[in-house]
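Given next are the chains, with one letter for each unit.
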Amino acid sequence: QVPLVESGGGLVQAGGSLRLSCAASATTFSIYNMAWFRQAPGKERDFVAAISLSGDTTDYTDSVKGRFTVSRDNAKNTVYLQMNTLKPEDTAVYYCAAARLYWGQEQRHYNYWGQGTQVTVSS
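For the structure given in this document, a descriptive report is provided here.

Definitions and limits used
Residues numbered from 1 in each chain as written. Predicted model: local features only at pLDDT ≥ 70, side-chain atom pairs only at ≥ 80, totals over all residues. Heavy atoms only, no water. Core = buried A, V, L, I, M, F, W, Y, C linked by side-chain atoms within 4.5 Å. Buried < 20%, exposed > 50% of the residue type's maximum accessible area, 1.4 Å probe, protein only. Helix = DSSP H or I, 4+ residues; strand = E, 2+ residues; numbered from the N terminus. Pairing = 2+ DSSP bridges.

Further remarks concern the nonpolar core. Nonpolar side chains tend to gather and get buried jointly when the protein is soluble and globular. Ranked by size, the top nonpolar core spans 30 residues in total, and within it L4, W36, L81, M83 and Y94 carry the most contacts. Those elements giving two or more residues to this core turn out to be β3 (18-24), β4 (33-39), β5 (46-51), β7 (68-73), β8 (78-83), β9 (92-99) and β11 (117-122). If you look at the next biggest cluster of nonpolar residues, it comprises eight residues, including F47, A99, Y102 and Y110.

Structure below.
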């Protein structure tokens, strides 16, 4: 019902920037809270950022606060993650996810997931 398609990943040097995009095909995109998670090799998948239905409320994990910005354009059914001042520790596969009637960081409450996009930050 809500397939998610990511783009924007790649290889950058430390201190650089990337903008990830996650596009939903559903015209009802605006009823979902959206979030970004990431998973580094050998580690568990962790919460990164979330944005509410209208975009009025956001949440970030401490390690990215002040560097990453999550936003959404409901007219385009797209959520973004602007990543600035990237660090090697940000290297991971990044996933977007959508949740109905839930606001938080628990992965099990997210109904739909993107395929993941690789972000690699070199030093």
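On we go from here.
Each regular strand carries side chains that alternate between the two faces of the sheet. The buried fraction of β3 amounts to five of the seven residues, a majority that puts the element mostly inside the structure. As paired strands, strand β1 (residues 4-7) and β3 are joined by four bridges and run antiparallel to one another. From the neighbouring strand, E6 faces β3, where its bridge partner is C22. Pairing of β3 with β8, which is carried by six bridges, proceeds in the antiparallel orientation.

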